[in-house]
Amino acid sequence: MVRGPIAPDAAPEPETDTMTETVIQTAEIVPLPDAPVLVRDDGFHPVEGDPDVTLPPDTDPSTLGQYLNAGLIAVEFPAMTDGRGFSLARILRELGFAGRIRATGGLIADQYAMARRVGIDEVQIPAALARRQPAGQWLARADWRAWDHRSRLAG
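Right, let's walk through the structure included here. (Residues numbered from 1 in each chain as written. Predicted model: local features only at pLDDT ≥ 70, side-chain atom pairs only at ≥ 80, totals over all residues. Heavy atoms only, no water.)

Quick notes on the overall build of the chain
Defined as follows: Segments assigned H or I by DSSP are reported as helices when at least four residues long, segments assigned E as strands when at least two residues long, and all are numbered from the N terminus. Per-residue accessibility, obtained with a 1.4 Å probe over protein chains only, is compared with the maximum for each type, and a residue is labelled buried under 20%, exposed over 50%, and partly exposed between these values. For the accessible areas, the method is Shrake-Rupley and the probe is 1.4 Å, while residue cover comes only from the protein chains on display.
Within the chain one finds five helices and eight strands. Reading the chain from its N terminus to its C terminus gives the helix and strand order β-β-β-β-β-β-α-β-α-β-α-α-α. For the chain, the proportion of its 155 residues judged to be buried stands at 34%. Total accessible area computed for the chain in this model is approximately 9400 Å², and 56% of it derives from carbon and sulfur atoms.

Topic: the nonpolar core
Here is the rule: Nonpolar cores were defined as sets of buried Ala, Val, Leu, Ile, Met, Phe, Trp, Tyr and Cys residues, with membership established by side-chain atoms within 4.5 Å. The contact rule is simple, with two residues in contact once any of their heavy atoms fall within 4.5 Å.
By size, the foremost hydrophobic cluster in this structure holds 29 residues, and its most contacted members are I73, I120, V123, I125 and W138. When residues of this core are traced back to their parent elements, those giving at least two are β3 (37–40), β5 (53–55), β6 (72–77), α1 (84–94), β7 (100–105), α2 (112–117), β8 (122–125) and α3 (127–132). Tallying contributions element by element places α1 first for this core, with five residues. Discounting residues that sit within four places of it in the chain, V123 has contacts with V37, L38, V39, A103, L107, Y112, A115 and W138.

As for the sheet that holds β5
Under the convention used in this document: Only when DSSP finds a minimum of two bridges between them are two strands counted as paired. With axes taken as lines fitted to C-alpha atoms, and helix axes fitted only over the stretch in contact, angles between N-to-C directions fall between 0 and 180 degrees.
One open sheet holds the six strands; their spatial order is β4-β3-β8-β7-β6-β5, and the pairing between them is mixed. Either end of the sheet is taken by a strand with one partner, and the two such strands are β4 (43–46) and β5. Looking at each pair of strands side by side, their axes are set apart by 30 degrees on average, direction ignored. Pairing of β5 with β6 involves three bridges; the strand directions are parallel.

Encoded structure:
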């Protein structure tokens, strides 16, 4: 027997199979939204704000100086194997960019520490990836300094 939605403060009523006296719990399945999410060091957030500039991975680094006054720059990663966006973010920070940098596209949780190390503030991921790699997998890499081999070598 399937019942309607369960009130948040009420426990579901068990079903009883009279033949074996087995109690079977039923629960409502709630689909997750298909909206992309932002990954930050404290977990998942809804996407907020549109980038002032979106940089494809083949952006000429010598042109980055013109974007230093932007508030939010999106750097595209067309595939997780394309690391040119890491270089663009690092160069923007070296030039003095103080706004937010958002990575978009094909990044996975294992790349989050590298993204943070080069100056990326947040990563926008599709809902499907958020379901496959929940916040805990991203947060395990949020302490990016612990993953930075250069800081360990420097002591």
